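Structural characterization, general
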Amino acid sequence: DSGVTQTPKHLITATGQRVTLRCSPRSGDLSVYWYQQSLDQGLQFLIQYYNGEERAKGNILERFSAQQFPDLHSELNLSSLELGDSALYFCASSVEWGTYEQYFGPGTRLTVT
Amino acid sequence: GQNIDQPTEMTATEGAIVQINCTYQTSGFNGLFWYQQHAGEAPTFLSYNVLDGLEEKGRFSSFLSRSKGYSYLLLKELQMKDSASYLCAVGGYQKVTFGIGTKLQVIP
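Anyway, here's the lowdown on the structure attached to this text.

**As for the sheet that holds strand S1 (residues 2–5) of chain B**
All names here are of chain B. In space, the five strands of this open sheet follow the order S1-S3-S8-S7-S6, with antiparallel pairing throughout. Edge positions in the open sheet fall to S1 and strand S6 (53–57), since each of these has one partner strand only. When the angles between neighbouring strand axes are averaged without regard to direction, this sheet yields 15 degrees. In this sheet, strand S8 (residues 70–75) lies alongside strand S7 (residues 60–65) in antiparallel orientation, the contact comprising six bridges. Among the inter-strand pairings, Ser-65 is bridged to a residue of S8, identified as Tyr-70.

**Observations regarding the interface of chain B and chain A**
When the parts come together, some accessible area is lost, and that loss is often what is quoted as the size of the interface. Taken together, the contacts link 19 residues of chain B with 21 residues of chain A. Summed over both partners, the interface of chain B with chain A comes to about 1,600 Å²; 59% of that surface belongs to carbon and sulfur atoms. Applying the counting criterion to the chain B and chain A interface returns zero salt bridges. For the pair chain B and chain A, the interface holds two residue pairs in polar contact (both at pLDDT 80 or more). Listing elements by their share of the side of chain B that touches chain A, those giving two or more residues are strand S4 (32–37), strand S5 (44–49), strand S9 (84–91) and strand S10 (96–98) of chain B. Take the side of chain B that touches chain A: its biggest share by element is three residues, from S4(B). The residue makeup of the side of chain B that touches chain A, split by class, is ten nonpolar, seven polar and two charged.

Criteria and cut-off values
- Going along each chain's sequence as written, the residues are numbered from 1 onward.
- Chain letters start at A and ligand numbers start at 1, both assigned in the order the entries are written.
- Local features in this predicted model are restricted to residues of pLDDT 70 or higher, and side-chain atom pairs are both shown and tallied only at a pLDDT of 80 or more, whereas totals for entire chains, interfaces and linings draw on every residue.
- Here the side-chain values reflect all heavy atoms present in the structure, with hydrogen atoms and water set aside.
- Strand pairing is defined by DSSP finding a minimum of two bridges between the two strands.
- For the purposes of this entry, the term helix denotes a DSSP run of H or I that reaches at least four residues, the term strand denotes a run of E that reaches at least two, and both are numbered from the N terminus.
- To define axes, lines are fitted to C-alpha atoms, for helices over the stretch in contact only, and angles between the resulting N-to-C directions are given on a 0 to 180 degree scale.
- In what follows, residue pairs with any heavy atoms lying within 4.5 Å of each other are defined as contacts.
- Buried area adds together the accessible area that both of two parts lose upon being put together, with accessible area traced by a 1.4 Å probe.
- Salt bridge, as used here, is a side-chain nitrogen of Lys or Arg placed within 4 Å of a carboxyl oxygen of Asp or Glu.
- Think of a polar contact as two N or O atoms within 3.5 Å of one another; within protein, one of them needs to be a possible hydrogen donor and the other a possible acceptor, and neighboring residues in sequence only count if both atoms come from side chains.
- Residue type decides the class: Asp, Glu, Lys and Arg count as charged, Ala, Val, Leu, Ile, Met, Phe, Trp, Tyr, Cys and Pro as nonpolar, and the leftover types, Gly among them, as polar.

The values reported here are purely geometric and, on their own, carry no functional implication.
Laid out in structure tokens, this is it:
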């Protein structure tokens, strides 16, 4: 158990819908990262927050947005969902921003039908 | 930007030794990580190298050569449970970039 929690574990929704994925980092970690992993694909970095502020952005679509709240939990919002958005979405946390080992949550498996 | 190359798949025999290579190109190198990921599960941290040389941790060792942009993960005394993907990840300015991973299959 990494100490990072993600909810929900599974999510099935239809095209065009909007969903929110939630992540709570390890106690004491200030940085949160979001990744997308499609079937047999590598981890695609989406976005990083540090202590409530956006720090780095990867290949995140405009239909996707995220935020980190004062209690340090984070939410990833996915809207106008398409079939291609079906993937595993991982949240990770680290103590600081920059190059530190990241601890991953169990992931949310999103299926868009 | 960052570019990471590692073999897509490898097969090795239980009890043997396997070396998984990773080459990278990056601006602003801040260290290299190896993660293990079993199918459908979250990646878990294995090792971190920031200086040249070999870091040993039980059955797993990781090597780094910064001048060559090269790292390897060495797994000894392979066990069936080592069947997983092994992700090489490079730390650059403000972020870490993951390679696509090497899928290792351990056979009896």
